[in-house]
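Structural overview for review
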Amino acid sequence: MKAVLEYYDIFPKVLSTESKSVVTIRALGEHVAFEGAGKYRIKLVPMNDRLLHLQEHDCQMADVVYKDGALHFSCHLSGEQQYAVLLQKQEGEIWVLCCELRIYALHPDFFRLRPFRGDMHCHTCRSDGAEGPAIVAANYRKAGFDFLSVTDHGQYGPSLEAIRAYEAIPMSFRLFRGEEVHPPGNNSHTIHFGGDYSINDLFRKNPEQYEREVDFIEQELHIPPQVNTREYASLVWVYRKIREAGGMSVMAHPCWIQEEAYHISRTMYRYLLKTHPFDALELTCGQSLAENQLQVSLWQQMREEGCAVPVVGSSDSHGTVNSQWFGLSKMIVLAEKCEKDAIIAAVKERRVVVLEQYYNEEGPRVYGENRALEFALFLLAEYMPLHDELCFEEGRLMKEYACGDREAGELLRQIGRRTEDLAEKYWA
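Reading the values: rules and limits
Residues numbered from 1 in each chain as written. Predicted model: local features only at pLDDT ≥ 70, side-chain atom pairs only at ≥ 80, totals over all residues. Heavy atoms only, no water. Buried < 20%, exposed > 50% of the residue type's maximum accessible area, 1.4 Å probe, protein only. Helix = DSSP H or I, 4+ residues; strand = E, 2+ residues; numbered from the N terminus. Arc of directions from axis to C-beta. Contact = heavy atoms within 4.5 Å. Polar contact = N/O pair within 3.5 Å; in protein donor to acceptor, adjacent residues only side chain to side chain. Pairing = 2+ DSSP bridges. Axes fitted to C-alpha atoms, helices over the stretch in contact; angles between N-to-C directions. Core = buried A, V, L, I, M, F, W, Y, C linked by side-chain atoms within 4.5 Å. Expected span 1.5 Å × (residues − 1). Parallel < 35°, antiparallel > 145°, perpendicular 65-115°, else oblique. Nonpolar A, V, L, I, M, F, W, Y, C, P; charged D, E, K, R; others polar.

Description of helix α13 (residues 406–415)
Among the residues of α13, Ala408, Gly409, Leu412 and Ile415 are the ones counted as buried. Projected down its long axis, α13 carries its buried residues within an arc of 135°, all on one side. α13 presents Arg406, Glu407 and Gln414 as exposed residues on the side facing more than 90 degrees away from its buried surface. Those residues of α13 that are buried are in contact with α12 (384–402) and α14 (418–426). Two or three places before Glu407, at the start of α13, stands the capping residue Asp405, its side-chain oxygen 3.0 Å from that residue's backbone nitrogen.

Structural data, given as structure tokens:
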């Protein structure tokens with residue numbers, strides 16, 4: 001966390017470009033306390049519009065009111081961008097910089113949204129993961145996540161198990177249904193996020209019907225001869241069934257090296273990106289840098305060719321304790337609410353920023369539409385560190401509660417919605 005966030009609190013941090021806002025700066029400790037009789041002013045620098053030799057009159061200046069130990073100023077920021085807030089104090093004839101803070105102004109369509117960090121692809125000990133569903137959920141919250149979908153191989157039940165573990169506790173952290181779908185005779189995996197029933201169960205319970213329906217899809221197809229028609233038809237069946245269940249289909253780890261070869265043939269991968277029968281592409285996941293960068297490179301190339309698809313970032317974690325994959329890849333979703341339909345809409349409308357960060361790296365690589373990405377970078381520096389401190393304590397209590405500690409459950413009931421309160425504070 002930046003030192004300035006430990007010394008000063010500025011709120012709201014996110015303002016609407018359509019209205020005037022009153023912003024408060026509070027000193028966090030006597031070592032940076034404001035002097036009531038001192039003279040302060042605010043200089044607002046629009047960071048996207050800043051010139052190399054910016055003059056004073058090119059910046060918006062704001063008078064400061066001292067009240068109850070805090071400073072308050074009014075402003076109307078009409079341009080959507082990040083602003084540097086330079087707090088200056090008058091000493092004799094000169095103005096001295098006290099601190100530099102940051103705020104962000106958004107147009108109304110983005111201002112109504114909130115950021116949610118999530119993962120749609122992880123495993124528990126119900127398949128080939130390390131921990132149980134309830135512990136996995138707790139460790140994700142402890143790491144600063146707002147939502148999670150447990151997606152064990154061929155199993156829908158573990159996601160329900162995770163949900164049931166905490167259904168008696170009112171929390172901002174959301175758990176959604178999910179599974180990793182492995183259709184018969186098809187090597188390609190699909191993440192099923194949020195649907196009302198299992199897709200794996202459909203072909204397990206009635207394999208003959210599955211084959212008949214795939215046969216019918218295959219007969220309808222007119223695709224290049226180098227593309228495996230049966231495999232493509234099977235995937236189309238999976239994507240359709242996920243939508244019928246009210247969920248979202250995600251093409252998983254296409255460049256994962258499975259034994260000696262890539263998970264999906266390059267011909268199939270390109271054709272899927274071109275035709276886009278799925279809902280979203282898992283752009284990065286718990287893989288090596290080389291595998292993830294192959295996925296990113298082809299996604300970027302296909303975008304240039306006019307085949308842009310929505311993306312998500314998920315970890316495919318198989319453990320949450322001392323795990324290489326846990327937290328390696330994730331995403332920030334800009335949605336109206338942390339609810340299934342709102343998240344799916346955000347993904348399809350490309351209001352997602354994918355984060356990929358390997359160990360010992362200072363910060364994540366980020367991918368997504370520029371407007372969302374620029375805002376996400378601000379959030380990662382100015383909002384998420386404060387958000388994550390609250391999540392850590394919630395996750396610790398979730399684990400204790402899952403292990404039978406009733407007192408932890410009572411404490412969770414008291415603090416389980418603090419991240420919602422934080423967002424209310426920081427959005428004007």
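With respect to the sheet that holds strand β9 (residues 94–106)
Reading across the sheet, the 5 strands line up as β2-β9-β8-β4-β5 and stay open at both edges, with mixed pairing between neighbours. Here the strands that pair on one side only, and so sit at the sheet edges, are β2 (14–16) and β5 (60–63). Taking each pair of neighbouring strands and ignoring which way they run, the sheet shows an average axis angle of 35°. Strands in contact with helix α11 (residues 370–382) are β2, β8 (81–91) and β9; relative to β9, the strand with the most contacts, it is inclined by about 125°.

Some remarks on the nonpolar core
Judged by nonpolar contacts, the single largest core of 58 residues is most densely connected at Met120, Phe147, Leu273 and Leu281. The dominant element in this core, judged by the number of residues it contributes, is helix α7 (residues 229–244), at 8 residues. Core analysis: the next-biggest nonpolar cluster, separate from the first, contains 26 residues, Ala27, Val32, Leu87 and Ala105 among them.

Regarding the sheet that holds strand β22 (residues 365–368)
Note on sheets: strands pair through backbone hydrogen bonds, and any given pair is parallel or antiparallel. An order of β12-β11-β10-β20-β21-β22 is seen for the 6 strands of this open sheet, with the pairing classed as mixed. At either end of the open sheet lies a strand with only one pairing partner, and these are β12 (174–176) and β22. Across the sheet, the axes of successive neighbouring strands diverge by a mean angle of 25°, strand direction being ignored.

Digging into α7
Given a rise of 1.5 Å per residue, 16 residues ought to cover 22 Å, and the 22 Å separating the end C-alpha atoms of α7 matches this to within 8%. Within α7, burial applies to Glu231, Tyr232, Ala233, Ser234, Leu235, Val236, Trp237, Val238, Tyr239, Lys241 and Ile242. Buried residues along α7 sit in contact with β13 (178–181), β14 (190–193), α5 (200–205), α6 (207–220), β15 (248–251) and α8 (266–275). For α7, the side-chain oxygen to backbone nitrogen distance between the N-cap and Arg230 is 3.1 Å, and the N-cap itself is Asn228. Of the residues flanking the end of α7, it is Gly246, one or two places downstream, whose phi is positive at about 85°.

Considerations on the packing of α11 against α12
The contact between α11 and α12 brings their axes to 5 Å, and the two run at 55°. What the angle tells us is that α11 and α12 run oblique. In contact with Leu379, Leu380, Ala381 and Glu382 of α11, α12 contributes Met384, Pro385 and Leu386. Split into classes, the residues belonging to the contact of α11 with α12 amount to 6 nonpolar, no polar and 1 charged.

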